[in-house]
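Take a look at the letters that make up each chain.
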Amino acid sequence: MVGTLAGIAIEEGKLRLGDPVFDDATDPRRAAVTVAHLLDMTSGIDWTEPLNDRGKPVSLIEMERSRDWAAYVRGRPMAQAPGAGFNYNSGNSQLLSALLARRTGGDLRAYATERLFEPLGIADLRWRQDPQGLPVGGFGLALQPRDMAKIGQLYLRGGRWEDRQLLPAAWVARNLAATVEMKDLGTPGFFYANGWWTLPARRIYMAMGHNGQGIVVLPEADAVAVFTSTRAAPVPLLIERILRSVKAGGAVADDAAAQAALEASVAKATAEKPSEVGPVPEGGAATPGGPHLALRQQPPSDCAACGSRSIPRTRTTRS
């Protein structure tokens, strides 16, 4: 999201890709960090937040525990020169959020609402804030799947929505011209640009959130796919299944029966189903306040980066 807002701010002259991030840096490597490095995850800031499951996101956890997230990131040492290589870092996105807020009048949420959410008709959202009240840059945005699709459609149409150019077409084009390879991902062919995972060779790019939330833009198929989940799936396999599902060569005609069948399937999949209750364990019924099981409804979960809301689920807890 902050990558999209950065593109809008750049078009309005409020921000430039070459703007330095650290105005008072004495380390020449730190002084060389620019907005472009934040957007492409090549700032060189020392940071541990693996995209795979090979370790804990130590730096992310420490940032969330700090009283000032942006200050925590600014205080991190440099691990390598900016531009030397990809390293996923939610701190980069938080620095960008803080910089965008300063350049757009101080209230980034209001700027996003006026420039993006309202034109797209997005009203049902939650956006987590840091202790200073800044929108979180790298995660914590919850959207309905239909509104996630609007973001994807905006990119699919080159930044245009209805009769308005909300996002510069050149900014959208950067996604398919990505040159920063995501070597840490462990899957060849993936590159990164403006907060998007990209497969330039296949002309596909995607916004991936925590636990498998995603927006996939497929220009060659003229399609957008969105999905929510509570567990991440292998991205290459996911892409292949999406491509196999896109069969029509153009817009699909309205089909009331098919739409009704889809809605019925969704309703069935999301309906709460009562669980069978077995006999009370010995001692549980005789002892007031003794062991018993309770069902509680969990609220929708937030995601990272692109954001979405997962289907609520019931969890059994012991009290």
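Residues numbered from 1 in each chain as written. Predicted model: local features only at pLDDT ≥ 70, side-chain atom pairs only at ≥ 80, totals over all residues. Heavy atoms only, no water.

## Concerning the overall build of the protein
As a reminder, the rule being used: Note on conventions: DSSP H or I runs of at least 4 residues are helices, E runs of at least 2 residues are strands, and numbering of each starts at the N terminus. Exposure categories follow from relative accessible area, calculated using a 1.4 Å probe and restricted to protein chains: below 20% of the type maximum is buried, above 50% is exposed, and the middle band is partly exposed. The contact rule is simple, with two residues in contact once any of their heavy atoms fall within 4.5 Å. Methods summary: accessible areas were calculated by the Shrake-Rupley approach with a probe of 1.4 Å, and residue burial reflects only the protein chains presented.
Counting its regular elements, the protein contains 11 helices and 13 strands. In the protein, which comprises 319 residues, the share counted as buried stands at 42%. Partitioning the contacts of the protein with sequence separation of at least 6, the portion at a separation of at least 24 is 59%. For the protein, the accessible area works out to roughly 17000 Å², and carbon and sulfur atoms hold 52% of it.

## A closer look at the side chain of serine 66
Heads up, the condition is: Two N or O atoms form a polar contact when they lie within 3.5 Å of each other; inside protein one atom must be a possible hydrogen donor and the other a possible acceptor, and for residues adjacent in sequence the pair counts only when both atoms belong to side chains.
Mapped onto the elements of the fold, serine 66 is located in the loop between helix H4 (58-65) and helix H5 (69-74). A relative accessible area of 17% places serine 66 in the buried class. A polar atom in the side chain of serine 66 sits 2.6 Å from the backbone oxygen of methionine 63.

## Notes on the pairing of strand S8 (residues 204-208)
This is how the line gets drawn: Two strands make a pair as long as DSSP finds a minimum of two bridges between them.
For S8, a buried count of 5 out of 5 residues is recorded, marking the element as mostly surrounded by other parts of the structure. Where burial is concerned, the two faces of S8 agree: the one with Ile204, Met206 and Met208 and the one with Tyr205 and Ala207 are both buried. Examined bridge by bridge, strand S7 (residues 196-199) and S8 share 3 bridges and lie antiparallel to one another. Looking across to S8, one finds that threonine 198 is bridged to tyrosine 205. Between the end of S7 and the start of S8, which pair antiparallel, lie 4 residues, with arginine 203 showing a positive phi angle near 55 degrees. Strand direction decides the pairing type here: S8 and strand S9 (residues 214-218), joined by 4 bridges, are antiparallel. Opposite methionine 206, over in S9, you have valine 216 as the bridge partner. Two successive antiparallel strands, S8 and S9, enclose a turn made up of 5 residues, where asparagine 211 displays a positive phi of approximately 65 degrees.

## Focus: helix H1 (residues 2-11)
In terms of burial, H1 is largely enclosed, as 8 of its 10 residues are buried. Where H1 is concerned, the buried positions are Val2, Gly3, Thr4, Leu5, Ala6, Gly7, Ile8 and Ala9. Of the surrounding secondary structure, the elements contacted by the buried residues of H1 are helix H3 (35-39), helix H6 (90-103), helix H7 (108-120), strand S1 (125-127), helix H8 (145-156) and helix H9 (169-173). One or two positions beyond H1, positive phi appears at glycine 13, with a value near 80 degrees.

## Quick word on the side chain of serine 43
Tracing the backbone through its elements, the reader meets serine 43 in the loop between H3 and H4. A relative accessible area of 2% means that serine 43 is categorised as buried. Reaching out from serine 43, the side chain makes a polar contact with the backbone nitrogen of isoleucine 45 at a distance of 3.3 Å.

## Details of the pairing of strand S10 (residues 223-227)
The alternating pattern of S10 places Ala223, Ala225 and Phe227 on a buried face and Val224 and Val226 on a face that is not buried. The sheet contact formed by S9 and S10 spans 5 bridges and is antiparallel. Looking at the pairing, isoleucine 215 lines up with valine 226 of S10. Adjacent in sequence and paired antiparallel, S9 and S10 are bridged by 4 residues, among which aspartate 222 carries a positive phi angle near 55 degrees.

Function-wise, these values are silent; they only describe arrangement.
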